[in-house]
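Listed below are the residues making up each chain.
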Amino acid sequence: MTQKRPLVIGNWKMNLDYVEAVHLGQQLGVMLKNKPVEHTDIVVAPPFVDLRSVTSIIESERIPVEVAAQHVNANENGAHTGEISVSMLKRLNVKWILIGHSERRAMYAMSDELVAATLRSVTRAGVRAVVCVGEALQVREADEHEAYVSAQLASALEGLDEKSRELISVAYEPIWAIGTGLSASAEQVRAMMDHIRSVLAQLSLGDARVLYGGSVNAENAPSLMLEGAVDGFLVGGASLKAESFMGIVQSCDDCYDGKR
Ligand code: PGA
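Note that this is a predicted model, so its numbers are computed, not measured. Numbering of residues begins from 1 in every chain and follows the order in which that chain's sequence is written. Confidence filtering applies because this is a predicted model: local features only for residues at pLDDT of at least 70, side-chain atom pairs given and counted only at 80 or more, and all residues used for totals across whole chains, interfaces and linings. As a rule here, side-chain values cover all heavy atoms of the structure and leave hydrogens and water aside.

Can you lay out the overall build of the protein chain for me, pointing to particular residues and giving the numbers?
In this text, helices come from DSSP runs of H or I with a minimum length of four residues, and strands from runs of E with a minimum of two, each type numbered from the N-terminal end. Counting its secondary structure elements, the protein chain contains 11 helices and eight strands. Our radius of gyration is a C-alpha quantity, and the globule rule it is checked against amounts to 2.2 Å times the number of residues to the power 0.38. Here the C-alpha atoms of the protein chain give a radius of gyration of 17 Å, agreeing with the 18 Å that 2.2 N^0.38 yields for 260 residues. The principal-axis extents of the C-alpha atoms in the protein chain amount to approximately 50 × 45 × 35 Å. Only protein chains enter the accessibility calculation, which uses a 1.4 Å probe; a residue is then buried when its area is under 20% of its type maximum, exposed when over 50%, and partly exposed in between. Here the protein chain holds 260 residues, and the buried ones make up 53% of them. Any two residues whose heavy atoms approach within 4.5 Å at even a single point are treated as in contact. In the protein chain, once contacts between residues fewer than 6 apart in sequence are set aside, the share between residues at least 24 apart is 74%. Areas reported as accessible are Shrake-Rupley estimates using a 1.4 Å probe. Residue values count occlusion only from the protein chains shown. Summed over its atoms, the accessible surface of the protein chain is roughly 12000 Å², and 51% of this surface lies on carbon and sulfur atoms. Counting rule applied: Lys, Arg positive; Asp, Glu negative; His and chain ends not counted. To locate a charge, take NZ of a lysine, CZ of an arginine, CG of an aspartate or CD of a glutamate. Within the protein chain, one finds 24 positive and 33 negative side-chain charges whose respective centroids are separated by 7 Å.

Encoded structure:
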């Protein structure tokens with residue numbers, strides 16, 4: 001049984017146009033009405049262009065789900081063609097922002113410094129941040145994954161003020177497990193959760209929830225939750241269908257409740 005209230009975030013990545021996004025939001029709403037979730041915080045992260053439609057449907061139908069953005073620019077405004085600022089997201093009632101997803105780091109040159117700057121601008125605005133960390137396969141094979149993840153965390157999180165700390169969650173997503181269908185084992189996840197929690201405690205962030213991401217589905221969620229000792233999940237592929245996403249959410253809720 002996990003100690004902290006579980007958090008499950010669906011990262012829709014570059015999938016679903018606004019019509020499809022509204023449809024999925026409505027499906028989640030119906031499922032949550034039929035089988036309410038008591039203990040788990042649920043968040044979805046649609047593409048930018050879907051945010052307005054998804055926040056509207058969630059508000060008008062009172063769906064107990066919050067909305068995240070998948071990325072944000074670290075600057076407040078100005079000449080940054082094609083970019084989006086935190087204040088714009090806040091106006092849309094976006095409550096969470098993913099920062100430093102491995103796809104942003106690998107494909108869009110997001111450095112540790114930029115992750116740290118983005119985190120500062122998000123927390124300064126009072127928005128919740130999910131800082132994503134995780135190693136590539138070569139790093140794990142060289143047995144350097146713990147040092148690698150500590151360095152990512154230290155670079156992103158050092159020197160945050162008291163108020164910012166409350167806004168932070170961490171997602172551990174080993175790159176080799178993302179979108180591959182091969183989740184990390186519960187033992188590997190457990191070892192990394194212990195490691196990340198000790199690093200966070202040293203940075204005075206012991207209350208932050210630590211999620212796992214990488215090929216999570218409704219089948220592996222219970223063992224990752226119970227044996228892997230995670231505080232929740234960042235879900236990609238399995239969040240694109242209401243049934244599979246809600247299966248994961250329900251597992252978290254049952255594990256927290258001691259029903260599993
Ligand atoms: P996946 O993606 O669940 O499809 O592996 C997870 C993520 O990238 O957040």
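Account for the site of the ligand, naming residues and giving values.
Inspection of the region around the ligand gives 13 residues, with Lys-13, His-101, Glu-173, Gly-179 and Ser-215 positioned closest. Contact between the ligand and Gly-179: an oxygen atom at 2.6 Å from a main-chain N or O atom of the residue. Polar contact is the term for a pair of N or O atoms within 3.5 Å; when the atoms are in protein, one must be able to donate a hydrogen and the other to accept it, and sequence-neighboring residues count only if both atoms are side-chain atoms. One of the backbone nitrogen or oxygen atoms of Gly-237 is found 2.8 Å away from an oxygen atom of the ligand. In isolation the ligand has 280 Å² of accessible area, and contact with the protein removes 94% of it. Throughout, the term near means that a residue has one or more heavy atoms lying within 4 Å of the molecule or strand in question.

Any details on the state of the cysteines? Residues and values, ideally.
In this description, the term disulfide denotes a pair of cysteine sulfurs within 2.5 Å. For the coordinates displayed, the defined rule picks out zero disulfides. In this structure Cys-132 is a free cysteine whose sulfur lies 17 Å from that of Cys-252, the closest cysteine sulfur available. Here Cys-252 stays unpaired: no disulfide links it, and the sulfur of Cys-255, its closest cysteine neighbor, is 6.6 Å away.

Limitation: the analysis is restricted to geometry and does not speak to function.
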